[in-house]
Amino acid sequence: MVASLEETLVVIKPDGVSRNLTGEILSRIEAKGYQLVDIRLIHADRELLASHYAEHEGKPFYEPLIEFMQSGPVVAIRVSGHRVIEGFRTLAGTTDPTTAAPGTIRGDLGRDWGLPVQHNLVHGSDSPETAQRELSLWFS
Ligand code: DAT
Ligand code: MG
């Protein structure tokens, strides 16, 4: 039996867009073999971000995170492929760019800037339920 196709939400954060890394990041997703299904350049508002990051409300980095994500345009991408949720999180690397593995987006292109929130270039959904919820938020 063949596993069903999966979709995930990738967001290139304001640091990725402002550092002109959009093409590099898209290229890594495409080179891995995943399909770009939809793509939008968005200035996210607080309402969208509060919903997107609801699980982090109350954490010390929450306000800085919401402000950072509003600091410039982001690129939202609907990406499809078998096991793409897990696959993109592997491409992205772990949350802290200082220790993210070399070879990953965050490990190769990111660093700590000494700020209250990590600027780590990309977001990727972390489960099928989250992916569905996030895709309907960003591509409604
Ligand atoms: P991820 O983006 O790897 O799924 P997350 O969902 O736990 O990580 O957190 C959302 C974002 O918030 C993350 O990409 C960067 C920032 N962040 C998370 N934990 C942090 C921390 N301890 N200090 C600073 N920023 C943090
Ligand atoms: Mg997360």
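Note that the coordinates shown come from a computational prediction; the quantities given were computed from them, not determined experimentally. (Residues numbered from 1 in each chain as written. Chains lettered and ligands numbered in written order. Predicted model: local features only at pLDDT ≥ 70, side-chain atom pairs only at ≥ 80, totals over all residues. Heavy atoms only, no water.)

Structural notes on the site of ligand 1
Every residue close to ligand 1 is listed here: Lys13, Tyr53, His56, Phe61, Leu65, Arg89, Thr95, Arg106, Pro116, Val117, Gln118 and Asn120. His56 is positioned with one of its side-chain polar atoms (N or O) 2.9 Å from an oxygen atom of ligand 1. Within the side chain of Arg89, a nitrogen or oxygen atom sits 2.9 Å from an oxygen atom of ligand 1. Against a free-state accessible area of 510 Å², the protein chains account for coverage of 75% of ligand 1. When the residues that make up the shell around ligand 1 are grouped by side-chain class, the tally is 5 nonpolar, 4 polar and 3 charged. (Near = heavy atom within 4 Å. Polar contact = N/O pair within 3.5 Å; in protein donor to acceptor, adjacent residues only side chain to side chain. Areas by Shrake-Rupley, 256 points an atom, 1.4 Å probe, with all protein chains shown as cover. Nonpolar A, V, L, I, M, F, W, Y, C, P; charged D, E, K, R; others polar.)

Section: the pattern of salt bridges
In total, this model carries 5 salt bridges according to the counting rule given. Arg46 is the salt-bridge partner of Glu63, the closest N and O atoms lying 2.7 Å from each other. Taken together, the positions of Glu63 in helix H4 (residues 62-69) and Arg46 in helix H3 (residues 46-52) put the pair 17 residues apart, joining distant regions of the chain. Among the residues examined, Glu63 registers a relative accessible area of 36% and is labelled partly exposed. Relative accessible area serves as the criterion here: at 37%, Arg46 is assigned to the partly exposed category. Arg83 serves as the salt-bridge partner of Glu86, at 2.8 Å between the closest nitrogen and oxygen. Residue classification places Glu86 among the partly exposed positions, given a relative accessible area of 44%. In this structure, a network of salt bridges that share partners links the residues Glu24, Arg28 and Asp108. (Salt bridge = Lys/Arg side-chain N within 4 Å of Asp/Glu carboxyl O. Helix = DSSP H or I, 4+ residues; strand = E, 2+ residues; numbered from the N terminus. Buried < 20%, exposed > 50% of the residue type's maximum accessible area, 1.4 Å probe, protein only.)

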